[in-house]
Amino acid sequence: MDHTDEYIKEISEKIDSKKEYYVEISNKIWEFAEPRFQEYRSSELLQHVLKQAGFSIKADLAGEKTAFIAEYGSGKPVIAFLGEFDALPGLSQKADVAERIPVHTDSCGHGCGHQLIGTGTLASAIALKDFMKEYNLQGTIRYYGCPAEENAGGKAFLVRDGYFNDCDLALCWHPEQGRRACYGSTKANFRVFFTFHGTPAHASMCPELGRSALDAVELMDVGVNYMREHMIDEARIHYAITDTGGDAPNVVQSRAQVLYAIRAPKITQVKELYNRVCNIARGAALMTETTVEIRQVAAYSNLISSKILADHMNAYLEKLGPITYTEEEYAYAQKFQQSLSDQDKNQLPTIARDYFGPKAAEVIKKPIFEPMAYQNLYSDLKYSTDVGDVSWLVPTVHLNIPTFAAGTALHSWQAVAQGKSSIAHKGMLYAARIMALTAIDFLQKPELVNKAREELTETLNGETYPDPLPGDLKPEVW
Ligand SMILES: [Zn+2]
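All residue numbers refer to position in the chain's written sequence, counted from 1. Whole-chain, interface and lining totals are the exception, using all residues; otherwise, since this is a predicted model, local features are given only for residues with pLDDT of at least 70 and side-chain atom pairs are given and counted only at 80 or more. Side-chain numbers come from the whole structure's heavy atoms, not from hydrogens or water.

A. The UniProt feature "domain: Peptidase M20 dimerisation" (unreviewed entry) in the protein, seen in detail. Under the UniProt annotation, the feature "domain: Peptidase M20 dimerisation" (unreviewed entry) is placed at residues 192-280. Each helix is a run of DSSP H or I of at least 4 residues and each strand a run of E of at least 2, with the numbering of both proceeding from the N terminus. Between the C-alpha atoms that bound residues 192-280 the distance is 13 Å, and the span itself is 33% helix and 27% strand. UniProt positions are given in the numbering used here, feature names are shortened, and annotations may be inferred rather than shown by experiment.

In structure tokens, the structure reads:
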């Protein structure tokens, strides 16, 4: 007998009955807006809620003070829910207003919806726990409090230190333009600091005594820009000069630093590019008679998607159907669509086409994308996520749900401004339902867990986790 409808009702009730509570938690995390590895209050709040719900807590993991695991149940399967809660620097923004008004200049904002991810995932884990209790199901649920998804790849440290070794499946979600179980890969990514050391000197009286670290940074950047022509199309390299050596042109700069992000579809390709960029840095040091210190601070592996998990998730997306919105919510979304730049607005048909194919023209008429996005259309995604690192070890699924006006870019002030809206909260609780329901399928059928594991082994085809972080690297705020 198919109990799907009964389960949908059960899980929806469990989540909806605590709706206000979850909204409040999400809004609090939005207000805390703590950046990578400093998410103390957000992490504490989530731990507190999970503890109250009967989970046991282990905190301060892999050198990450704000990381934690909340666990319930025992034995197999072990189901991992991946929660995030870090905000982005420089994105402070007033809620609900469709113009750029920071609350505090220079502070952070939730431009990637991680307050919704952290809370929705928590709601999902708690609902599943209650369901397991009622139905007397065997297994372990773990909520992973994963810090620093942005810019530091917090999960990679947890993976490296073995915290995912005994997991059977991993579920997570992210705000996006459409409803779908994401099936594809993300870009692997290294973050590396290049610090040049030279010799200071009076730039006019004795320039011959100086050796400029800033010259070295400039030459390195020029060298890498020449290299761009000779790398694969899908690779991306970006840099930020994090230390120019001071603001005095009459002093030869003795220290300068540049931070590189090196991305490519596969971690092996990133490693190759990284070696070439290091050679260019050494070349720049040689040319300027300076020295260079190379320090990798983060790594993100490419995502390996589980089709079995994605199929189950997509089936629930179809069953639950579109999220329904009120006229006020459409008007709210429209207001934000109008605030987008012309360039962003012009992107809308492309976004709609990518997600909905021939349905795009119809979909675009509404300011929030509602239908179900294309299923199982394997796509190479342009961003990076540290969920990728988990996915090499554990069959993983990454759900996308809209939480804002269509066309809103992630990491924009518009995304921050809409983070406390009812549209955001509807998306968050919808995602919570879908993840819990997908997990139920796997809790009830151990053969599915085995199948997902076999599929991962097949996909990897002999490759093993690339362990992209230097062995001795500690998580740090930089
Ligand atoms: Zn994000």
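Here the narrative resumes, following the displayed structure.
B. Spotlight on the packing of helix 9 (residues 307-320) against helix 16 (residues 446-460). Geometry is summarised by axes, namely lines fitted to C-alpha atoms with helices restricted to the contacting stretch, and by angles between N-to-C directions that run from 0 to 180 degrees. Interhelical geometry of helix 9 versus helix 16 gives an angle of 130° and a closest axis separation of 8 Å. Judged by the angle between their axes, helix 9 and helix 16 are oblique. Of the residues in helix 16, those touching helix 9 at Lys 307, Ile 308 and His 312 are Leu 448, Lys 451, Ala 452 and Glu 455. Residues are grouped as follows: Ala, Val, Leu, Ile, Met, Phe, Trp, Tyr, Cys and Pro are nonpolar; Asp, Glu, Lys and Arg are charged; every other residue, Gly included, is polar. Class assignment for the residues of the contact of helix 9 with helix 16 results in three nonpolar, one polar and three charged. Should an angle fall under 35 degrees it is called roughly parallel, over 145 degrees roughly antiparallel, and 65 to 115 degrees roughly perpendicular, with every other angle called oblique. Should any heavy atoms of two residues lie within 4.5 Å, those residues are considered in contact.

C. A look at the coordination of the zinc ion. We call an atom a donor if it is N, O or S and sits within 2.8 Å of the metal, or 3.2 Å for Na, K and Ca. Water is not counted, so some sites may look partial. Distances from the zinc ion to its protein donors, Cys 112 (SG), His 114 (NE2) and His 174 (NE2), fall at 2.2 Å. Read in sequence order, the donor residues coordinating the zinc ion give the pattern C-x1-H-x59-H. We note that Cys 112, like His 114, is buried. Only protein chains enter the accessibility calculation, which uses a 1.4 Å probe. A residue is then buried if its area is under 20% of the maximum for its type, exposed if over 50%, and partly exposed in between.

D. Summary view of the domain arrangement of the protein. Segmentation into domains, and thus their bounds, comes from an automatic or database assignment. Taken domain by domain, the protein comprises domain 1 (4-186 + 302-460) and domain 2 (188-299). With 12 residues of domain 1 at the contact, the number on the domain 2 side is 11 residues. Two parts placed together each lose some accessible area under a 1.4 Å probe, and adding up what both lose gives the buried area. Interface area for domain 1 against domain 2, summed over the two sides, is near 720 Å², with a carbon-plus-sulfur share of 41%. Among the residues domain 1 hides against domain 2, the three largest losses belong to Asn 151, Asn 302 and Ser 384. Together they make up 54% of the total. Basic side-chain nitrogens of Lys or Arg form a salt bridge, by our definition, when they fall within 4 Å of a carboxyl oxygen of Asp or Glu. The tally of links between domain 1 and domain 2 comes to zero salt bridges. We call two N or O atoms a polar contact when they sit within 3.5 Å, provided that within protein one can donate a hydrogen and the other can accept it, with sequence-adjacent residues counted only if both atoms are side-chain atoms. Here domain 1 is connected to domain 2 by four residue pairs in polar contact (both at pLDDT 80 or more). Mapped by element, the contributors of at least two residues to the side of domain 1 that touches domain 2 are helix 5 (149-152) and helix 6 (154-160).

E. Inspection of the side chain of Asp 168 at higher detail. With respect to the helices and strands, the residue Asp 168 is situated in the loop between helix 6 and strand 5 (169-175). Take Asp 168: its relative accessible area is 11%, and that puts it in the buried class. Side chain to side chain, Asp 168 and Lys 76 meet in a polar contact 3.2 Å long.

F. Examining the packing of aromatic side chains more closely. Only Phe, Tyr and Trp rings take part, Trp by its six-membered ring, and two of them pair if their centres are within 6.5 Å. Stacked means planes under 30 degrees apart, edge-to-face means over 60, and tilted covers everything else. Evaluated as defined, the whole model comprises 16 aromatic pairs. Ring centres of Tyr 144 and Phe 164 lie 4.1 Å apart, and the angle between their planes is 15°; this geometry places the pair in the stacked category. Of this pair, Tyr 144 sits in strand 4 (residues 139-146) while Phe 164 is found in the loop between helix 6 and strand 5, placing the two residues 20 residues apart along the sequence. On the accessibility criterion, Tyr 144 (0% relative accessible area) is buried. Each member of the aromatic cluster is reached from another via a ring pair, and the members are Tyr 7, Phe 131 and Tyr 135.

G. Focus on the pattern of salt bridges. For the structure shown, the criterion picks out 23 salt bridges. Taking the shortest distance from any N to any O, the salt bridge between Glu 476 and Arg 295 comes out at 2.7 Å. Residue Glu 476 is found in the segment after helix 16, and its partner Arg 295 is found in strand 11 (residues 291-300); the two are separated by 181 residues along the sequence. Judged by its relative accessible area of 27%, Glu 476 is partly exposed. Assessed through its relative accessible area of 30%, Arg 295 is described here as partly exposed. Of the charged contacts in the structure, one is a salt bridge between Asp 311 and Lys 307, with a shortest N-O distance of 3.2 Å.

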